[in-house]
Structures are given as structure tokens and as C-alpha cells.
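Examination of the molecular architecture
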Amino acid sequence: MNKTILSFCILLTAFANVKNDLFISPPDWPKPAYEFSKNPMTIEKVFLGRVLFYDPILSRDHTISCASCHSQYTAFAHVDHALSHGIDNKIGMRNAPVLFNLAWQQNFMWDGAINHLDNQSLAPISNPLEMDETMQHLTSKLRQSSIYPSLFYHAFGDSSISKEQTLMAISQFMLSIVSSDARYDSMIRHQVSFTSQEENGYRLFKQHCSTCHTEPLFTNQQFENNGLIPDSILRDYGRMKVTMLPSDSLKFKVPTLRNIEFSYPYMHDGRFKRLSEVLTHYTTEIQHGKTLSKQLNTPILLSSNEKVDLTAFLLTLTDRHFLFNTDYSYPKEVLLPSPKESK
Ligand code: HEC
Ligand code: HEC
């Protein structure tokens, strides 16, 4: 091939890889925190990440996949589990959070122990209570498998299968999961109008909740103490575990409230099963301690009608397009051993 044509082709391929058309940020949303230039999104990498996410090969005994604890129909939280269950039925320390809109997130885990999405997957893979596998052993299992060498080749142009490639691919799948199409979003885009009940709930939400659960992501990405009584057995002091600062005691990452209808049980330890219990907490059970966030110093007073209205608003954050989007679901096109449901 002529030298000029050859370099033109290389340039084209490079350009195709750098383009980031795959990730579309909704208009008026903040800039994503993830640096896509360091891990440019491609269809092949997202697909590889999706297969890995659903494959129990990631665990020592091939029983647990990421999806065992993060299932799509509960917005990628753990179906009805207060504390997550992992390998050998071991019980974890915390409630599995939802996984979507992670491209905007700066800190991961309830206490922010991880500050880069590419490092996140290492934690569950190596955690003896979750998947209990080493990256070295995992990559060697992937190299010997009948499907991965070719999936990695298509994604990265070589089939050597490194630890970094594995983690970057899983990140890409997680980055591709966006929830921005709830009834609330249609209202913001003036495509539907709220009922008077939802409207009133939205007003109450802005009055009492939105300094922490800030629109459009429904989190201010900060660590706050929302007045929960610490569990005497778990003794989880949240952010303080990471910073060692007493001023961070009992502070946890403010979770998004999108898809809250499906992501129960609630809070870092899954202590509440219903939204009504959450509202009872905010109105009558706030524990006043040194680190309580100042917004909660004055009691939140809500009549029972107002609680119903506020709940109606919270239900407008359910995004069925996201919950049933087959781009995020089990990759049937690639044969995998069926993941054992963890109990
Ligand atoms: C045994 C259950 C379990 C498995 C398996 C599991 N996770 Fe998790 N995941 C959790 C729990 C529990 C947390 C919260 C832990 C904490 O805050 O200390 C979490 C947190 C996360 C977070 C942080 C989300 C946030 O908003 O902070 C991401 C991302 C994540 N998991 C992705 C994955 C991926 C990818 C896999 C597979 C490689 C995986 N998880 C496997 C239970 C699990
Ligand atoms: C001072 C900040 C702050 C305010 C104000 C606040 N929250 Fe929260 N919220 C948090 C934090 C932090 C958590 C996680 C706490 C934990 O798990 O330890 C949380 C958790 C939740 C959860 C559980 C989410 C999940 O995925 O588990 C719901 C639901 C919720 N809040 C609703 C509300 C509502 C409704 C209001 C207004 C009445 C409100 N919050 C006001 C900080 C706040």
C-alpha cells in the first residue's frame, strides 16, 4: 500500500477510536467527571465489559458475577438484600448501591474509599467476602477461555488480556449505563406536566431534600450525616474510615434518588424497606450528633398528605427505559454458564 494511504488509514482508525459519540450526555447536565480521553469508548469495549459484568468467571469458584449483587431490574442494586451476599454465601458489610450515571461520579463506595471507576472492580473481585479472586488468576482464566481472546482482540487490537484492559472494559460498560429518561426528565423537557400532587411533592422536595439530593443527578456528591442511629453490630462510621477525621464520623456518600422505587432496601446498611420508613426517619427519627448535617438541625415537618405528595414526586424518578434497556442486560448472544443467584 502507498505510504500516504497507509498513514491516512491509521489516522482514520485512530480517529474512530477517539471519537466519543457513544457517550451522550443529556443536555443541561454537568460535565462528566470520568476522563474519556484516557479510555475512549468503543462498541467493542462496552460489549466486552458487559460480558465480563455478567460472567461468574470473575469469582474464584465461578458462582458470583457482578450482576449477582447488581441486577438491572433493581437499577443494578441487590434485589431485596439489606447487606450483600457474596461467595460461599458470605455476608458483606454494606448494601449494594445502584449503578448508573457513574460517569458523573467522583467518589465510589458509601465512604468514598475509591476515587476512580477503573479501580472500582478490583475491590469486589479481590474481596474475600465477594468474589475472592486475584487479577493474575482471573486474566489467566480469561486467556484460556473460548470466548475472551477474540472479544479482547476486537476491543483492544490484541488478545494478550491484561489486568488494565479487563478493568477498563468493565468501566466502559458501567459508563454506558445512563438513566436520564424518567417522568421527571420529561417534565423538565416540557413533554409532560406533573399532576398537582407531583407538583406539590416537587416543591416539598426542593424545600427539604435537594441541598443534598441535588438535581439533575439527585446527589450533591458530598458526604453527609443524615441522622441515622449507628448500627451497634456493624459499627460503620462511614467516611471517617477513609479520612480518619472525627469530623467525618457517620458521614456517607449522598446516594442518587433516581429509580428509588426499585432500589430498596435503603441506606448504606439497607435498614429501611419502604419509602414511608425513610420519610418517618427524616421527619421524626433524626439523631442529633456532632456531625449531623446542618440542614437537618431544624426538624422537617410533613403532614401525612405531604408525605404522600413527596412520595408521588419520588416515583417520577423511575426510568423504565433504563430498567428494561436490553443494551444493559445479560448478553445472551455470547454463551455463558448461568450465574448462580446468590442468596
Ligand atoms: C457480593 C456482592 C457484590 C459483588 C459481587 C459486586 N458488588 Fe459492587 N458493590 C457491592 C457493595 C456492597 C458495594 C458498596 C460497598 C461499600 O460502599 O463499601 C458495591 C459498590 C460498587 C460500586 C460503587 C458504586 C457507587 O455509587 O459508589 C460499583 C461501581 C460497583 N460496586 C461495581 C461492581 C462491579 C463492576 C462488580 C463486578 C466486578 C461488582 N460491583 C461486584 C456489592 C457487590
Ligand atoms: C443533609 C443531607 C441530606 C438531606 C437534606 C436529605 N438526605 Fe436523603 N440521604 C442523605 C444521605 C447521606 C443518605 C445516605 C445515608 C446512609 O446510607 O447512611 C441519604 C439517603 C436517602 C435515601 C436512601 C437512598 C438509597 O439508595 O439507599 C432516600 C430515599 C433519601 N435519602 C430521601 C431523602 C428525602 C426524601 C429527603 C427530604 C425529605 C432527604 N433524603 C434529605 C443525605 C440527605
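Fair warning: this is a prediction, and the values are worked out from it, not measured in the lab. (Residues numbered from 1 in each chain as written. Chains lettered and ligands numbered in written order. Predicted model: local features only at pLDDT ≥ 70, side-chain atom pairs only at ≥ 80, totals over all residues. Heavy atoms only, no water.)

**Topic: the site of ligand 1**
Taken together, 29 residues sit near ligand 1, with Cys66, Cys69, His70, Met109 and Trp110 positioned nearest. Separating an oxygen atom of ligand 1 from a side-chain N or O atom of glutamine 105 is a distance of 2.7 Å. The contact in question runs from an oxygen atom of ligand 1 to an N or O atom on the backbone of tryptophan 110, over 2.7 Å. Taken together, the elements giving at least two residues each to the shell around ligand 1 come down to α3 (66-69), α5 (122-126) and α8 (163-176). Grouping the constituent residues of the shell around ligand 1 by class yields 17 nonpolar, 9 polar and 3 charged. (Near = heavy atom within 4 Å. Polar contact = N/O pair within 3.5 Å; in protein donor to acceptor, adjacent residues only side chain to side chain. Helix = DSSP H or I, 4+ residues; strand = E, 2+ residues; numbered from the N terminus. Nonpolar A, V, L, I, M, F, W, Y, C, P; charged D, E, K, R; others polar.)

**A closer look at the coordination of the iron atom of ligand 1**
Protein coordination of the iron atom of ligand 1 rests on one atom only, His70 (NE2), at 2.1 Å. Mapped onto the elements of the fold, histidine 70 is located in the loop between α3 and α4 (117-120). (Donors = N, O, S within 2.8 Å, 3.2 Å for Na, K, Ca; no water.)

**Focus on the site of ligand 2**
In the neighbourhood of ligand 2, 23 residues make up the surrounding shell, with Cys209, Cys212, His213, His268 and Tyr282 lying closest. A distance of 3.5 Å is found between a nitrogen atom of ligand 2 and a side-chain nitrogen or oxygen belonging to asparagine 226. One of the backbone N or O atoms of methionine 267 is found 2.7 Å from an oxygen atom in ligand 2. Broken down by element, the residue count for the shell around ligand 2 peaks at 4 residues, all from helix α12 (residues 275-284). A class-by-class count of the residues in the shell around ligand 2 yields 16 nonpolar, 6 polar and 1 charged.

**Examining helix α6 (residues 135-144)**
Structural remark: α-helix, 3.6 residues per turn; residues separated by three or four positions point the same way. Every buried residue belonging to α6 is among Met135, Leu138, Thr139, Lys141 and Leu142, and all of these are buried. Projected onto a plane normal to the axis of α6, the buried residues spread over an arc of 155 degrees and lie on a single side. Among the exposed residues of α6, those pointing more than 90 degrees away from its buried face are Gln136 and Gln144. Where α6 is buried, its residues meet α2 (43-54), α5, α7 (148-156) and α8. (Buried < 20%, exposed > 50% of the residue type's maximum accessible area, 1.4 Å probe, protein only. Arc of directions from axis to C-beta. Contact = heavy atoms within 4.5 Å.)

**Description of the packing of α12 against helix α13 (residues 304-315)**
Between α12 and α13, whose axes approach to 11 Å, the crossing angle comes to 125 degrees. Taken together, α12 and α13 sit at an angle that is classed as oblique. In the packing of α12 onto α13, the handedness of the crossing is right-handed. Between α12 and α13, the contacting residues are Leu275, Leu279 and Thr283 on the first element and Lys307, Leu310, Thr311, Leu314 and Leu315 on the second. Taken together, the residues that form the contact of α12 with α13 break down as 5 nonpolar, 2 polar and 1 charged. (Axes fitted to C-alpha atoms, helices over the stretch in contact; angles between N-to-C directions. Parallel < 35°, antiparallel > 145°, perpendicular 65-115°, else oblique. Left-handed = near helix turned anticlockwise from the far one by under 90°.)

**Some details on the coordination of the iron atom of ligand 2**
Every protein donor of the iron atom of ligand 2 is accounted for by His213 (NE2) and Tyr282 (OH), and the metal-donor separations fall at 1.9 to 2.1 Å. Coordination at the iron atom of ligand 2 comes from 6 donor atoms whose angles at the metal span 84 to 179 degrees, giving a geometry best classed as octahedral. Of the two residues, histidine 213 is situated in the loop between α10 (196-208) and β1 (223-224) and tyrosine 282 in helix α12; the sequence distance between them amounts to 69 residues. Neither residue differs from the other here; histidine 213 and tyrosine 282 are each classed as buried. (Tetrahedral: all angles 85-135°; square planar, octahedral: opposite > 155°, others 65-115°.)

**What about the packing of α2 against α7?**
Relative orientation of the contacting elements α2 and α7 amounts to 150 degrees, with a least axis distance of 8 Å. By the angle between their directions, the pair α2 and α7 is classed as roughly antiparallel. Remark: the crossing between α2 and α7 carries left-handed chirality. Between α2 and α7, the residues in contact are Glu44, Lys45, Phe47, Leu48, Val51 and Leu52 and Tyr148, Leu151, Phe152, His154, Ala155 and Phe156, respectively.

**Quick word on the nonpolar core**
Grouped together as the largest cluster of nonpolar side chains are 52 residues, with contacts concentrated most on Leu52, Leu58 and Tyr148. Listed by contribution, the elements that provide at least two residues to this core are α2, α3, α6, α7, α8 and α14 (320-323). Those residues within four positions of leucine 58 in sequence are excluded, and the remaining contacts are Leu52, Cys66, Ile125, Met131, Glu133, Leu138 and Ile170. Formed by 27 residues, the second largest nonpolar core is a distinct cluster that contains Met267, Ile286, Ile300 and Phe313. (Core = buried A, V, L, I, M, F, W, Y, C linked by side-chain atoms within 4.5 Å.)

**Notes on the side chain of serine 65**
Relative to the elements of secondary structure, serine 65 occurs in the loop between α2 and α3. In this structure serine 65 comes out as buried when scored by relative accessible area, which is 1%. In terms of polar contacts, serine 65 uses its side chain to reach the backbone amide nitrogen of alanine 67, at 3.2 Å.

**A short note on the domain arrangement of the protein**
By a widespread convention, an interface's size corresponds to the accessible area lost as its parts come together. For the protein, the assigned domains are domain 1 (41-178) and domain 2 (183-321). Using C-alpha coordinates to define each centre, domain 1 is positioned 27 Å away from domain 2. Every contact between the two is made by 25 residues of domain 1 and, on the other side, 24 residues of domain 2. Across the domain 1/domain 2 interface, buried area totals approximately 2,100 Å², and carbon plus sulfur atoms make up 58% of it. Put simply, domain 1 and domain 2 have 1 salt bridge between them. Ionic pairing is found between aspartate 236 and arginine 94, a salt bridge with its closest N-O pair at 2.7 Å. Tallied by class, the residues present in the side of domain 1 that touches domain 2 amount to 13 nonpolar, 9 polar and 3 charged. (Domains from an automatic or database assignment. Buried area = accessible area lost by both parts, 1.4 Å probe. Salt bridge = Lys/Arg side-chain N within 4 Å of Asp/Glu carboxyl O.)

**Describing the environment of leucine 234**
Tracing the chain through its elements places leucine 234 in the loop between β1 and α11 (240-243). Remark: the alpha-carbon pair of leucine 234 and methionine 93, spanning 141 residues in sequence, is separated by 7.1 Å. Residues contacting leucine 234, with those up to four places away along its chain left out, are Leu83, Met93 and Asp269.

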